Amino acid sequence: MKFCYIRVLKDDAYIKWSFELAQRAKGHTAPNPMVGAVLVHGDRIIGEGWHHYYGADHAEVNCLKNVAEVDKYLIPESTMYVNLEPCAHHGITPPCAGRLVQEKIRRVVIANFDPNEKVAGKGIAILRESGTEVITGICEKEGLWLNRRFFCFFTNKRPYVVLKWARTKDGFIAPKDRSRLQITGQVTQKLVHKWRTEEAAIMVGHTTALMDNPQLTARHWEGLHPLRIVFDRKLQLPRTHNVFDNTAATWVINERHEILDGNIHSVKLRFDETLLAQLMQRLYEARILSVMVEGGAVLLNSFIAQGLWDEARVLTGEVEIGEGVDAPVISKAEHAIDDFSGKDKLDVFVNKNSAYQYAEGMRL
């Protein structure tokens, strides 16, 4: 019994290290998940790797590549730790489950099943049929949080929705006249741009796009620009506004026409009570795993009212304005994280109805 307990503790530690490796590629693997792999012989790590970017070798392959020549003979007697079930299909790269069988790895420990219908247990079946010992469910909750965008996309058939807003110390999201107001500081601004590189899309409503004229890019952080989404029902936004500068792919949600012009895609939808559901379907079809909704208040409140959100990041600055547009209020939420970005306070909430709850010790 004592031996088994020690082994579980070791399994737990190595799986958590696979999480750390996986997160090194955050923002670069979509629509694939973040995956890390660790190869252990006895008490020694002889190889580790992660999936660096979409289209590149998977974590298991990189892990095996990084085994020193002098240690290669140990591979069949080692344990592979990986946070997600090894793939079982030929995509851009060959199936990892087959590679592990080829290498005759005796034991594989996995945090989460892969919900992608192309895998969905097939990778584990391939391993077990070959005689490989397979252990599953180690740090499962933490693994779900790590790849919550991926799991939501394949399980809920929609992008993972992150709501984000900044509010003044006295609870307003904007001045009464909706003029532009910088509520948070420069440190927070960089943090928000980092977040943008980690989501597949960023969305704002018509009033925010019109009044703030945002660029909606990740120019203050190294990484990929997200897909920009703006609502412009009657196509009235000035074409001189920043969202039309072709810096990044942009969807203009409207009710008039469907046209692709360079980086600008006018997406025609019905502006009725099903608008957000229609948009989620179009994003799912485009393989957009996640979207961050940055405002304004009307759009944010629409997502909240429909329960169509998974995570909310609320930044509180030191500014006070006395009166203005009330910041959104969320219910049915678990308070996951409170932290500070410079002098600004960060609160993170998770929808109680979400299957992907925050796990203690994990990062955003």
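No experiment lies behind these values; they were computed from the predicted model shown.

1. A look at the pattern of salt bridges
The tally for this structure, following the rule as stated, stands at 24 salt bridges. Between Arg-196 and Glu-294 there is a salt bridge, with its nearest N and O atoms 3.0 Å apart. Here Arg-196 is found in helix α7 (residues 186-198), whereas its partner Glu-294 is found in strand β13 (residues 290-295), with 98 residues between them in sequence. The pair Arg-196 / Glu-294 is uniform in exposure class, with both members buried. Across the pair Arg-313 and Glu-311 runs a salt bridge whose closest N-O atoms are separated by 2.8 Å. Take Glu-311: its relative accessible area is 0%, and that puts it in the buried class. If you follow the salt bridges from partner to partner, you end up with Arg-148, Arg-149, Glu-199, Glu-311 and Arg-313 in one network.

2. Notes on the sheet that holds strand β8 (residues 201-204)
Read across the open sheet, the ten strands follow the order β11-β12-β10-β9-β8-β13-β6-β14-β17-β16; overall the sheet is mixed. Looking at which strands have only one partner, the edges of the open sheet turn out to be β11 (259-261) and β16 (333-341). Each strand axis lies, on average, 20 degrees off the axis of its neighbour in the sheet, ignoring direction. Across four bridges, the pairing between β8 and β13 is parallel.

3. Points about the sheet that holds strand β5 (residues 133-135)
Read from one edge to the other, the open sheet built from five strands follows the order β2-β1-β3-β4-β5, with strand pairing classed as mixed. Of all strands in the sheet, those with a lone pairing partner are β2 (44-50) and β5, marking the two edges. The sheet shows a mean angle of 20 degrees between the axes of neighbouring strands, taken without regard to direction. As defined by bridge partners, strand β3 (residues 79-84) adjoins strand β4 (residues 107-112) across five bridges and the pair is classed as parallel. Its bridge partner lying in β4, Leu-84 is registered against Asn-112.

Procedures and definitions
- Residues numbered from 1 in each chain as written.
- Predicted model: local features only at pLDDT ≥ 70, side-chain atom pairs only at ≥ 80, totals over all residues.
- Heavy atoms only, no water.
- Salt bridge = Lys/Arg side-chain N within 4 Å of Asp/Glu carboxyl O.
- Helix = DSSP H or I, 4+ residues; strand = E, 2+ residues; numbered from the N terminus.
- Buried < 20%, exposed > 50% of the residue type's maximum accessible area, 1.4 Å probe, protein only.
- Pairing = 2+ DSSP bridges.
- Axes fitted to C-alpha atoms, helices over the stretch in contact; angles between N-to-C directions.

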